[in-house]
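Summary of the model geometry
Spelled out from the first residue to the last, the chains are:
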Protein chains: 2
Amino acid sequence: MGADKTVMKSTIYYGPGDVRVEERPVPEPLTPQDLVIRVVRTCVCGSDLWPYRAMDASSAGKPIGHESIGVVTQVGSAVTIAAPGDFVIVPFPISCGECAACRAGFESSCPNGGYFGGAEGQGCQSEYLRVPHADGTVVNVSRALASPEFADDPAVPHDPHDFDDAMLADLLTLSDVMGTGYHAAVSTEVKPGYTAVVMGDGAVGLCGVLSAKLLGAERIISTSRHEDRAAIAREFGATDIVPLRGDDAVDAVMALTNGDGADAVLECVGTAQSFDTGLRVTRPGAVIGRVGLPHGVTVPAEGTFYRNIGIKGGPAPVRTYVRRTLLAAVLRGQIHPGHVFTKTYTIDEVPQAYADMDARRVIKALVRVSEV
Amino acid sequence: MGADKTVMKSTIYYGPGDVRVEERPVPEPLTPQDLVIRVVRTCVCGSDLWPYRAMDASSAGKPIGHESIGVVTQVGSAVTIAAPGDFVIVPFPISCGECAACRAGFESSCPNGGYFGGAEGQGCQSEYLRVPHADGTVVNVSRALASPEFADDPAVPHDPHDFDDAMLADLLTLSDVMGTGYHAAVSTEVKPGYTAVVMGDGAVGLCGVLSAKLLGAERIISTSRHEDRAAIAREFGATDIVPLRGDDAVDAVMALTNGDGADAVLECVGTAQSFDTGLRVTRPGAVIGRVGLPHGVTVPAEGTFYRNIGIKGGPAPVRTYVRRTLLAAVLRGQIHPGHVFTKTYTIDEVPQAYADMDARRVIKALVRVSEV
C-alpha cells in the first residue's frame, strides 16, 4: 500500500495565517540513504506558529511540519535501519549519524543535516514523507519491539498494529515535544530533590514538567496562565503554578524558593522576557536549559558570570533521548506525554488546527493521517 | 607572634602602574565570625593587572591582593573552623557558608560574601589579613592533616612546619589559580578521552591544562605564544601548542581536530577575541568553560543555540574544589601547580613584581612574606 500511489495531500505554507492542504507528488528516495514513510500521525508545533504569526520568515509555497510517525514504504539501496513495513518515529532533526555532533549525541546540531519542513517531500503534515540520512535519523520501533529489551516484557504491546490511539499519541510526542522538554530538563541538569521552574506552558513546557519529574525534581513550578494547561502541568508533576510574568513572576518564584532561586530552570518559550525572567530566578551556580528558539534574546555576559549561571540547550537531540530513555518509558506506559494533544484533526482540517492553536483553543493539535 | 604587632606592611593600589607598600594597622577581627592570619605566602594575579593596566576601575588607596596562605593569629568568638596556630588556605572568595549558593558548592557567588582585596585589612598582599565569614571561607590544612584521610598517609608531610618552598607554592595556587583553572575544566565538562582547548597561557590557563589532564583529557591544545609558558603547558599535559589568535587559531584547531572542533574549551582570558575564538572551535553540543573575567564579551544567543553550545563558569568555587579534590592532590604530590611561579619577591618588592608580570618577564610572581 502506498508505493503505487503517486499523489498525496500535503500542507503548504503560503504566508501569515495561510496554510493550505494541496496535492503534491508522493516523494521517492532521492539518494540511496533516503527512505519514505506513509505518515500515520503528525501534529502542529508551537514553532509552526512563528511563521503562521509572521514572527519568523519562511518561504511561501513550501511544505511545513516536522513531527511524524509512520510506516516505511520505500528504502534507498544503502538504508539498513529499516525495511518496508517497519513502524518508525521520525525525529524533527535530519542527522547524518557519522559526524562529531552525531557521535556526541547532539545530532540535532549535525552540520550535514537539517530539519524537516521546507524541502519538497519533507514536510511532515503530509500523507507521505521523505526521510534523508535515514540511518542517522529515524528510530525503528518495530525492531526495538523485537529486541531483547522489549521482546519479553508483558507490559509492552509487541505489534505496532496493536498500538491504540493513546499509544500513538505518546509515540508522536517523541518526534519533538517530549524530546524537547526532556532536553530542557537535561540541559538544566535537574537532579533528584531539585526545585525546577518551567517557563512556558505550551506542549514543550508541559513535557518539560514531565521530564523534570522523570529526572527527580521534588518541586516543580510551572508558569502556566491557562487553566487547561495548568491542569496538565499538575498531572505531569507540577507542584506550584505561578500565572505571572516579568517582575511579578520573579517575586513569586523567589518567595516560593526562600529567596534562593531555583536549582533548575527550563526555558521553553524563547522570548527575551521569558529568558530574562528565567535567568533572574536561577540560583547561583545553576544552569538555565533553553529549548525555545531565541527571539530577541540577549545573554548578559557579566551578569551570568558573577553568578556562575550556565546556559545550555538548543534544538533537542530527540533521537538520542528516545533511544536512551524515552521510547522505553512510553512503551511501558510510564509516561503519557500524548496528553498534550487536546484535539484530533484529519489532514484536510490542518488549516483549522493552525487556527485553533493560534487562538489557544487547543494546546496541541494531533492530525490522524492514516492507520498503522 | 604577631598578635602583639600593631603595624604591618600592606600593598596599596593607587592607580595605573602605581602600587605601593605602606604601613597599615594590623587588622583585628571586626565580627565574631572573623579571623586574622599572618600571611606566609601571597602572589600577584593576572586579574590584579587589569586595574594596574587601567583596564578595570579600582579605587585608589585600597589594599590589593586576593591570594594567600598563612597561620591563624586571632579568631572571633564564633569561629569554629580554626584556632590560633593553624595553617590555612584562604580562597579568594569570601563566603557565608550557609546560603543556597554556598550549599550548592558555588560559594564564589555567595550573595553575602565578596572577594579579598579592596576593604581595609582584607588585601592579601600584606603581612596580615582579616578573613570575614571565616567558617565559610577558609580551608584548615592543619586539621585536614590530622584527619583520617591524611593522618596515616606516609606520602603526606604531617606538620605544616615541614612544608618546603615547593609545597607552599603548590598550596598557594589553591587560593585561586589552580582552583580557577580547575573550574574551567569542570565547567567545560572535560571527560576521559576528550580533546580540550585551553585559551590563555597565564597561570590560570596553565592550571587549566593541568586540570584538563587531571580530568582525563587525552589531547590538550594550548594557545601559548611564549616559549617559557608553552614549556610549562607541556609539563602540565599539553600535547599541542597553537601560538595563534583569531581566524588563524580557529583554522589551526579545526585542522588538529579533523574539522570537528574540540570537546571542551577552557576560556581563561576573558577578552572578546578569546571568547569568540573559543566558541568557534567548540564542537556542537560541547560547553565552553569560562573563568576569565569578561571584558567586552558578547554571547551570541542564536549562534550558540543552533549548535547546542553551552556556556558555564564564573568566579571559581575554589574552596569546594580544594576540599573535594585539590588539597589531596597537592599534599600527595600528584600535581605541582606551583610551577607557575617563576620568581619570588619580598613584600617590599611587590611593586617590582607587578612591573615584571606586566612586562611578562615572569609568569606569576610569588611573594615570600613570612615562614610557617
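Thresholds applied
- Residues numbered from 1 in each chain as written.
- Chains lettered and ligands numbered in written order.
- Predicted model: local features only at pLDDT ≥ 70, side-chain atom pairs only at ≥ 80, totals over all residues.
- Heavy atoms only, no water.
- Helix = DSSP H or I, 4+ residues; strand = E, 2+ residues; numbered from the N terminus.
- Rg over C-alpha atoms; globule rule 2.2 N^0.38 Å.
- Contact = heavy atoms within 4.5 Å.
- Areas by Shrake-Rupley, 256 points an atom, 1.4 Å probe, with all protein chains shown as cover.
- Lys, Arg positive; Asp, Glu negative; His and termini not counted.
- Charge placed at Lys NZ, Arg CZ, Asp CG, Glu CD.
- Least-squares fit on C-alpha atoms with pLDDT ≥ 70 in both.
- pLDDT = per-residue confidence, 0-100.
- Pairing = 2+ DSSP bridges.
- Buried area = accessible area lost by both parts, 1.4 Å probe.
- Salt bridge = Lys/Arg side-chain N within 4 Å of Asp/Glu carboxyl O.
- Nonpolar A, V, L, I, M, F, W, Y, C, P; charged D, E, K, R; others polar.
- Axes fitted to C-alpha atoms, helices over the stretch in contact; angles between N-to-C directions.
- Parallel < 35°, antiparallel > 145°, perpendicular 65-115°, else oblique.
- Phe/Tyr/Trp six-rings, centres within 6.5 Å; stacked < 30°, edge-to-face > 60°.
- Buried < 20%, exposed > 50% of the residue type's maximum accessible area, 1.4 Å probe, protein only.
- Lys NZ or Arg CZ within 6 Å of the ring centre and 35° of its normal.
- Core = buried A, V, L, I, M, F, W, Y, C linked by side-chain atoms within 4.5 Å.

**What about the overall build of chain A?**
- A tally of helices and strands in chain A yields 14 helices and 18 strands.
- Its C-alpha radius of gyration of 20 Å places chain A within 12% of the 21 Å reference for a compact globule of 372 residues.
- C-alpha extents for chain A along the principal axes are approximately 65 × 50 × 40 Å.
- For chain A, restricting intrachain contacts to residue pairs at least 6 apart in sequence, the fraction spanning at least 24 positions comes to 68%.
- Carbon and sulfur atoms form 51% of the exposed surface of chain A, whose accessible area is close to 13,100 Å².
- Charge separation in chain A, taken as the distance between the mean sites of 32 positive and 44 negative side-chain charges, equals 3 Å.

**Things to note about the relation of the copies chain B and chain A**
- Mapping chain B onto chain A leaves a residual RMSD of 0.0 Å; the transformation is a rotation of 180° accompanied by 0.0 Å of translation along its axis. Expressed as an axis order, the relation between the two copies is that of a two-fold axis. When C-alpha distances to the rotation axis are compared across chain B, the minimum falls at Ile311 of chain B, with a value of 2.6 Å.
- Interface overlap between copies: 100% of the residues of chain B at the interface are likewise at the interface in chain A, consistent with a symmetric, same-surface contact.

**As for unusual backbone geometry**
- A positive phi angle, near 55°, is found at Arg360 of chain A, a position not held by glycine.
- Turning to its location among the elements, Arg360 of chain A is positioned in the loop between helix H14 (350-358) and strand E18 (364-368).
- Look at Asn308 of chain B: it is not a glycine, yet its phi comes out positive at around 55°.
- Position of Asn308 of chain B among the secondary structure elements: in the loop between helix H12 (301-306) and strand E16 (310-313).

**With respect to the confidence of the model for chain A**
- Across chain A, the average pLDDT comes to 96, with 99% of residues at 70 or higher.
- Interface confidence for the predicted complex, given as ipTM, is 0.95, next to a pTM of 0.96.

**A look at the sheet that holds strand E1 (residues 7-15) of chain B**
- Spatial ordering of the open sheet is given by E2-E1-E4 (chain B), a layout of three strands whose pairing is antiparallel. Each end of this open sheet is capped by a strand with a single partner; those strands are strand E2 (18-25) and strand E4 (62-63) of chain B.

**Topic: the interface of chain B and chain A**
- The partner chain A presents 36 residues to the 36 residues of chain B that form the contact.
- A buried area of about 2,900 Å², summed over both sides, lies between chain B and chain A, and 60% of it is on carbon and sulfur atoms.
- Of all residues in chain B, Phe305, Tyr306 and Asn308 of chain B bury the most surface against chain A, accounting for 23% of the area lost on that side.
- Residues Lys312 of chain B and Glu189 of chain A are paired through a salt bridge, measuring 2.6 Å at the closest nitrogen-oxygen approach.
- Taken together, the elements giving at least two residues each to the side of chain B that touches chain A come down to helix H2 (100-103), strand E15 (282-290), H12 and E16 of chain B.
- Per-class residue counts for the side of chain B that touches chain A are 18 nonpolar, 10 polar and eight charged.

**A word on the pairing of E1 of chain B**
Residues and elements named next belong to chain B.
- Bridge count for E1 against E2 is eight bridges, and the pairing is antiparallel. Across the sheet, the residue bridging to Thr11 is Val21, located in E2.
- Here two bridges tie E1 to E4, and the two strands are oriented antiparallel to one another. Along E4, the bridge assignment pairs Ile12 with Pro63.

**A short note on the packing of helix H6 (residues 165-173) of chain A against helix H13 (residues 318-331) of chain A**
Residue and element names in this part refer to chain A.
- The interhelical angle for the contact between H6 and H13, taken along N-to-C directions, is 170°, at an axis separation of 10 Å. Put simply, H6 runs roughly antiparallel to H13. Counting all contacts with H6, which are made through Met167, Asp170 and Leu171, the residues of H13 involved are Leu327, Val330 and Leu331.

**Some points on the packing of aromatic side chains**
Residues and elements named next belong to chain B.
- Under the definition given, this model contains 10 aromatic pairs over all chains.
- Ring geometry for Phe305 against Tyr306: centres 5.5 Å apart, planes inclined by 85°, an arrangement best described as edge-to-face.
- According to the relative accessible area criterion, Phe305 is buried, its value standing at 1%.
- Cation over ring: Arg20 sits above Tyr14, and NZ or CZ is 3.8 Å from the ring centre.
- Note that Arg283 overlies the ring of Tyr194, its terminal NZ or CZ placed 5.9 Å from the centroid.

**A closer look at the sheet that holds strand E1 (residues 7-15) of chain A**
All names here are of chain A.
- An order of E2-E1-E4 is seen for the three strands of this open sheet, with the pairing classed as antiparallel. The sheet is open, and its two borders are formed by strand E2 (18-25) and strand E4 (62-63), each paired with just one other strand.
- The sheet contacts of H14 involve E1 and E2, and relative to E2 the element is tilted by about 155°.

**Section: the nonpolar core**
- Judged by nonpolar contacts, the single largest core of 62 residues is most densely connected at Phe87, Ile89, Phe163, Leu171, Leu174, Leu327 and Leu331 of chain B.
- A per-element tally of this core places helix H13 (residues 318-331) of chain B first, with nine residues.
- Not counting the four nearest positions on each side in its chain, Leu331 of chain B is found in contact with Leu145, Phe150, Ala155, Val156, Pro157, Phe163, Met167 and Leu171 of chain B.
- Core analysis: the second largest hydrophobic core is formed by 61 residues, Leu174, Met178, Tyr182 and Ile335 of chain A among them.

**Remarks on the environment of Pro84 of chain B**
Residues and elements named next belong to chain B.
- Position of Pro84 among the secondary structure elements: in the loop between strand E5 (68-75) and strand E6 (87-90).
- Residues Pro84 and Gly117, spaced 33 residues apart in sequence, show a C-alpha to C-alpha distance of 23 Å.
- If we skip the residues at most four places from it in the chain, Pro84 touches Val72, Thr73 and Val75.

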